[in-house]
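# Breakdown of the fold
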Amino acid sequence: MKRIFRKLFLGLAAIVVLLVAGAAWYLHGKQPQRDGSVVLKGLSAAVTVRYDERGVPHISADNEADLYRALGYVHAQDRLFQMELMRRLARGELAEVLGAKLVEVDRLFRTLELRNHADAYVATMDRTTPAYRALDAYVDGINQYQDGHAAPLEFDLLGIPKRPFTPADSLTVAGYTAYSFAAALKTDPTLTYVRDQLGAQYLGIFDLDWHPEGVIKSAATSAPAPTAARRATPGATNLSEADWRSLGQLARVSQDAVEVTGVPAFEGSNSWVISGARTKSGKPLMAGDPHIAFSAPSVWYEAHLSSPGFELYGHFQGLTPFALLGHNREFAWSLTMFENDDMDLMAEKVNPDNPNQIWYRGQWTDMQQREETIAVKGAAPVKLTLRRSPHGPIVNGVLDGNTAPTPIALWWVFLETDNPILEAFYDLNRANTLAKARDAASKIHAPGLNVMWGSAAGDIAWWAAALLPVRPAGINPNFVLDGSDPTWDRIEFHKFSDNPHEENPSRGYVMTANQQPIPGSGVAVPGYYCLFDRAQELDDHLSAPGVKWDTQSSQALQLNVRNGYSRRFLTPLLPVLQAIVSDPGERALLEQLASWDGAHSLDGIAPTLFNQLLYEVAVAALSDEMAEPQFKTLLKIRALDFALPRLAADQESPWWDNVTTPARETRSETMKAAWQNTIAHLRKTMGAEPQGWTWGKAHTLTHNHPL
């Protein structure tokens, strides 16, 4: 008997050893190669790749084609699944590998026409340009890695078939980047809902005007008053309940697209360049701080490239052969989001006798139609009928089975212009003079980007890079527009020289934090700009006289966690809260808010209290007036950030009343409910003792795999 058990044990042990060995062999085949040699077809000479202690490749080649072919290879061996996920997201092909849950997202991106636009654009590209040859070599490097190696683990788990990557995939992903910057699909329907369903008096808390004075200093001191531009905003669009449901779904799916796929959103950023006259080294000093959502793997891929006459340490993104930000010994550049509004939603007027015709420039005009099929893993394919008006793709009906009676078209600069964005970044990677950098920035049509640039020769500059449409006077593009009115149609764009920009300003620095810029030309640039408080905090430090900046002081500013937003919101509300709160423990918390300087330090209780109160005020004041999908969208758009301090300062705002009750609530009564809900939530989620409500415990980050 013992002999039998011994044989069984040895047999099981052997099986376990074989399984472990097999798993080790399987996983080893998935690992990137860090030493040895690799044979790549198409190389004209040997290429050297050296990895440093952080896993960053340093690539040296005798010519550009070899350099970019090697970059594609090493990028793919580290990020092939990320590349696959990004191209499937942008091309509307996620459901094929992730199942029915992603059909809505695929519908959205098929509707946006990113893949159709990219396929058509690549077909017209000049194959002889240096930028295209570099792109082609990079894609070839990706495909050589994919063809010659075992697929990543995620490919096996999901059953993803290998298929070649193409230059059109890179252009499609560029379209996703442009889409992720845009806020119109979420903001415009929400603000139009407020105007049309609640009334113009409810728009007072939303700062919808263009301020020619910009936002630094002047706007930080007081809220701008309504102007004639807002009063001239066209009236209701007469959308039906079904239309509102459709627009609400559009806004929700736009948000879901970046949440359910694990592909990070592009959000915010800071950057500044200080001239050599104000630095300890006597050379310009740049800080670039892109606020892109955390992800695993990281959205950025670092690489050091060198070939005769070219060297760059750059930060790349999947399927993009050119660095989006980087530096060498001659110059450096960084990016922030311009936040200009390059999308308009147009409510089309339908012919009552022909639902496929809309009124355009004085006559009934046929909409284009095309059929597409979405492959769905584990389910039947989904067939789509996609429509397009002369203004652009119809973006609402496709999400809910074409039940919305009013077609909403998307007019988008990205789809309407040549937009040689890959050529722009190829040139920007080599822009060692002010003139070259300016010319490269001028080729960025969409998405809008602030290009920050500085050179060792002493020049510094900022360009708000985008192709800006000439919109008719009095039009406020924060709302869904009337597509039947010919005055909405764009026929031209502003000159790049009219865009906001600065070159070697006398104050000795340029700075951007996604705030509304000041255009020297006077051209208004509507947009969905970030709060000015972050920019104001940076400007206050950078403008301080007598400071000689170095990397340590610049890093300290980059890590600054304070701004004035909390003071603007709390100042009018503290007297209200002090009259409401009577519990001694809660009054002690209120005193912490009153004395708080706005710094979000990890050991602080006030930041946690403030952020929860901010949310509870939004819920208590705004949610009762709005339908659920519109309110959920409002919580995620920047318009709310601007609205809450204005609401706090306006005790007569209609938002303070709870419309679900017969009585008319005041600001004091609504604030009492918001305060009580804040305390109750923090006690429930973080413990009964406020000492445990620190910002470090409330504000955490977990890196999850996209799957």
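Notes on the structure in this doc start here.

Criteria and thresholds
Residues numbered from 1 in each chain as written. Predicted model: local features only at pLDDT ≥ 70, side-chain atom pairs only at ≥ 80, totals over all residues. Heavy atoms only, no water. Salt bridge = Lys/Arg side-chain N within 4 Å of Asp/Glu carboxyl O. Helix = DSSP H or I, 4+ residues; strand = E, 2+ residues; numbered from the N terminus. Buried < 20%, exposed > 50% of the residue type's maximum accessible area, 1.4 Å probe, protein only. Contact = heavy atoms within 4.5 Å. Pairing = 2+ DSSP bridges. Axes fitted to C-alpha atoms, helices over the stretch in contact; angles between N-to-C directions.

### Thoughts on the pattern of salt bridges
Within this structure, the stated rule accounts for 32 salt bridges. The partner of D169 in a salt bridge is R91, and the shortest N-O contact between them spans 3.8 Å. Highlighted residues: D169 in helix α8 (residues 167–181) and R91 in helix α2 (residues 64–91), separated in sequence by 78 residues. Given the relative accessible area of 4%, D169 is considered buried. R91 sits in the buried class, given a relative accessible area of 10%.

### Thoughts on the environment of L682
By secondary structure assignment, the location of L682 is in helix α24 (residues 667–686). Look at L682 and you get buried, because its relative accessible area is 2%. The spacing of L682 and T608 is 74 residues in sequence and 8.7 Å in space, taken between C-alpha atoms. Excluding residues that lie within four positions of it along the chain, L682 makes contacts with T608, L609, Q612, G687 and W693.

### Examining the sheet that holds strand β4 (residues 285–289)
The strand order across the open sheet built from 3 strands is β4-β3-β21, with neighbouring strands paired in antiparallel fashion. Single-partner strands in this sheet number two, and they are β4 and β21 (509–512). Strand-to-strand twist of the sheet, defined as the mean angle between neighbouring strand axes without regard to direction, takes the value 5 degrees. Note that strand β3 (residues 270–274) and β4 share 5 bridges and pair antiparallel. Bridge pairing in β4 links W272 to A287. Each of β3 and β21 touches helix α16 (residues 532–542); the most contacted strand, β21, lies at about 165 degrees to it. Against the sheet, helix α17 (residues 551–558) engages β3 and β4, with an angle of about 25 degrees to β4.

### Description of the sheet that holds strand β20 (residues 501–503)
Read across the open sheet, the 9 strands follow the order β1-β2-β5-β6-β7-β8-β17-β18-β20; overall the sheet is mixed. Whereas interior strands pair on both sides, the edge strands pair on one side only; in this sheet they are β1 (48–51) and β20. Looking at each pair of strands side by side, their axes are set apart by 20 degrees on average, direction ignored. Summarising the sheet, β1 and strand β2 (residues 57–60) pair through 4 bridges and their orientation is antiparallel. Bridge pairing in β2 places Y51 opposite P57. Strand contacts of α2: β1, β2, β5 (301–307) and β6 (310–316), with the helix running at about 160 degrees to β5, the strand carrying the most contacts.

### As for the pairing of strand β12 (residues 363–366)
Direction of pairing for strand β11 (residues 354–360) relative to β12: antiparallel, over a ladder of 4 bridges. Bridging across to β12, Q357 finds its partner in D366.

### Let's talk about unusual backbone geometry
For the peptide bond that leads from A446 to P447, omega is 0 degrees, which places it in the cis range. Among the secondary structure elements, P447 is positioned in the loop between α15 (434–442) and β17 (449–455). Backbone geometry at R361 places phi at a positive 50 degrees, although glycine is not the residue there. Position of R361 among the secondary structure elements: in the loop between β11 and β12. Phi at N514 takes a positive value of approximately 65 degrees, unusual for a residue other than glycine. Within the element layout of this structure, N514 appears in the loop between β21 and α16. On the accessibility criterion, N514 (0% relative accessible area) is buried.

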